[in-house]
Amino acid sequence: MVEKFCRLCSYGCFKQQQNPRNSLNGLYQFKRPNKAQMDRICQRGYSDQRERLKKISSDKVQDRIFITWRRFTRKKIIFLCLCRCDTQNDDSDLACLISKTREDSSDSYTQTLLHSLIIVSNHYYPKIRLFLYFMSKQTYKVCFCFRRRFRYTASEAPRDIKTIFEKYSENGVMTVDHLHRFLIDVQKQDKATKEDAQSIINSASSLLHRNGLHLDAFFKYLFGDNNPPLALHEVHHDMDAPISHYFIFTGHNSYLTGNQLSSDCSEVPIIDALKKGVRVIELDIWPNSNKDDIDVLHGMTLTTPVGLIKCLKAIRAHAFDVSDYPVVVTLEDHLTPDLQSKVAEMVTEIFGEILFTPPVGESLKEFPSPNSLKRRIIISTKPPKEYKEGKDEEVVQKGKSLGDEEVWGREVPSFIQRNKSEAKDDVDGNDDDEDDDDDEDKSKNNAPPQYKHLIAIHAGKPKGGITECLKVDPDKVRRLSLSEEQLEKAAEKYAKQIVRFTQHNLLRIYPKGTRVTSSNYNPLVGWSHGAQMVAFNMQGYGRSLWLMQGMFRANGGCGYIKKPDILLKSGSDSDIFDPKVTLPVKTTLRVTIYMGEGWYFDFRHTHFDQYSPPDFYTRVGIAGVPGDTIMKKTKTLEDNWIPAWDEVFEFPLTVPELALLRLEVHEYDMSEKDDFGGQTCLPVWELSEGIRAFPLHSRKGEKYKSVKLLVKVEFV
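Residues numbered from 1 in each chain as written. Predicted model: local features only at pLDDT ≥ 70, side-chain atom pairs only at ≥ 80, totals over all residues. Heavy atoms only, no water.

The name recorded for the protein chain in an unreviewed UniProt entry is phosphoinositide phospholipase C, from Arabidopsis thaliana x Arabidopsis arenosa. Under the UniProt heading Subcellular location (unreviewed entry), the entry covering the protein chain gives this text: "Cell membrane". (UniProt positions renumbered as here; feature names shortened; annotations may be inferred.)

Tallied over the entire structure, the rule returns 18 salt bridges. One salt bridge in this structure joins Glu468 and Lys471, with 2.9 Å as the shortest N-O distance. Judged by relative accessible area, Lys471 falls into the partly exposed class, the value being 47%. Linking Lys580 and Asp578 is a salt bridge whose minimum nitrogen-to-oxygen distance equals 3.8 Å. The partly exposed category is assigned to Lys580, whose relative accessible area is 39%. (Salt bridge = Lys/Arg side-chain N within 4 Å of Asp/Glu carboxyl O. Buried < 20%, exposed > 50% of the residue type's maximum accessible area, 1.4 Å probe, protein only.)

A few words on helix H4 (residues 159-167). Along an α-helix, residues three or four positions apart point the same way, because every turn accommodates 3.6 residues. Burial in H4 covers these residues: Ile161, Ile164 and Phe165. Viewed along the axis of H4, the buried residues span an arc of 100 degrees, placing them on a single side of the element. Of the residues in H4, the exposed ones pointing more than 90 degrees away from the buried face are Arg159, Glu166 and Lys167. (Helix = DSSP H or I, 4+ residues; strand = E, 2+ residues; numbered from the N terminus. Arc of directions from axis to C-beta.)

Generally speaking, nonpolar side chains in soluble globular proteins are found buried as a group. By size, the foremost hydrophobic cluster in this structure holds 78 residues, and its most contacted members are Leu283, Ile315 and Phe351. Top element by residues in this core is helix H10 (residues 337-351). It accounts for seven residues. Grouped together as the second largest cluster of nonpolar side chains are 62 residues, Ala192, Ala217, Ile642 and Val707 included. (Core = buried A, V, L, I, M, F, W, Y, C linked by side-chain atoms within 4.5 Å.)

Next up on the list: the side chain of Ser169. Within the fold, Ser169 resides in the loop between H4 and strand S7 (174-175). A polar side-chain atom of Ser169 sits 2.4 Å from the main-chain carbonyl oxygen of Phe165. (Polar contact = N/O pair within 3.5 Å; in protein donor to acceptor, adjacent residues only side chain to side chain.)

Pasting the structure below:
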């Protein structure tokens, strides 16, 4: 393929060689173009791009290489601009403008040319980086015969950002002193130093403008990765309290790859959960078909088993990939004494010295702290006799099965008030989980001692119903498990007793058995009652799981979050926190949704709509105690890849320590269900004030490469 390249000016050019992949034989450095040369370039482009081209040409006078290329087919014009930059900040000093008369990002020749530019520039100029910025006319097919064209415009700083820049700049330049004042006054970074300000300028401006920021560089900094919404990215909570004082990232049936009835069991979901920061792994252990080994599977279902040894080795290999804080392995034991002895051998051999075991013959009077248990694995299960009948506690639940979730998950329910006509819940009567002291004494003679000694956190329900379950023994700590329905039923009458119980003991909440699709429930119900282990199905997605993921972004994502003081305050019943009681407003969170960008780069241009650019709107709200929970939305902006809503929302908060900020972007669709455009959820108490860039995540919680919202956060 032989292409013609025209030299539009004496500004710069390159020659086409025989092979398009080697189309660049060299790059030439030229002086800054004069006005006539710049006008000639602009005349070949579009009027709405002239100012941008002129502005780019006036910056970085000498450290710029311009290459102009025109392909004489379908009137496609591309302007390329490469700039020298610091190798430590690949994106800090470069600017590249590509203008095309029609969108053709899939053009293989164009992609080959750009690939050659990168290779050759890296060879001849190691400090050159290429960044593509598309300004194009997008074409959408209509009825096979017609095409609709829409202009894609560049992102522009909102009016409020421009006003702030004018206030903290002089002659169009924000110096180190100006930026330092901005960080303190607007961003509320009281400990910010001038060195911090200089570092921001170095990363956001060119090599020749390290003395300050222009408006574009300032806007780039605000929308960049160096301006995150969370204040701290490392562990900063007090980690020396007993683990009963922490919320712990907890998984449910961690070995399942899909639904609760027929999916495969595997060690892969366990590895994925640990890499996401989960600190509590649940394994249901059963005898295999020959009764001579141990399998992990969901009992009384069609799930295919996986060997216990595979799961234990996976835990050992990946337990501390993202966090050094302890991993708790909860075992739902359905084994005979002989197989329990085999489990003890496996656990001891695989975990070795990192396994935490209490002194022989002693019960824990208080749980150790996360700091004292760093890089340790803890076993938690019920006394050995409890699952001998082979009954799975989570399969035999009452209730209707759940339908399929919506495209992005059902809305999170509030604290559900159960219907009085429903059947009496198991929590008020005797169930299979209760401890029978006489039977337990007999079983201790048969249970293998080495297996009993592995259990650091004892679990079980005493006889006598919920009142006995919630009694606090000053000489012994334990773990209690309740289903989501049992918790809701108990919270109607015993909310304060539940909170008091969780101040010393561990409470685990698990999904009801009818959630066969591996859906989840509202985790705030458990957290607001002090439950440390709110167990979730991690293999799916949906709004409830987004809340769980958002909650554990706190404290550096280590999987342990210190409970707020209101849940740890002891004393008389009047001093104990009651989630249902409406408290006075402590603070008001003001959220300004300025704009969003990045969808154009992360999605196909017809992903949201076949016939036009997307119509985005944002849902913003709070998940927390019932008095704080609310959702609002912005207006819908039509046919815009870079929506600029510029709307303000206020949220009065009575318990900000348990509040999560929710942000969701959707694309309005008149004929079908609205399309999903991204989401994030963050703990309110760890938000950084000021103007911040909020990265959005997919339905599965995976962070998008480019999609972000520019948001201002204030506490008033």
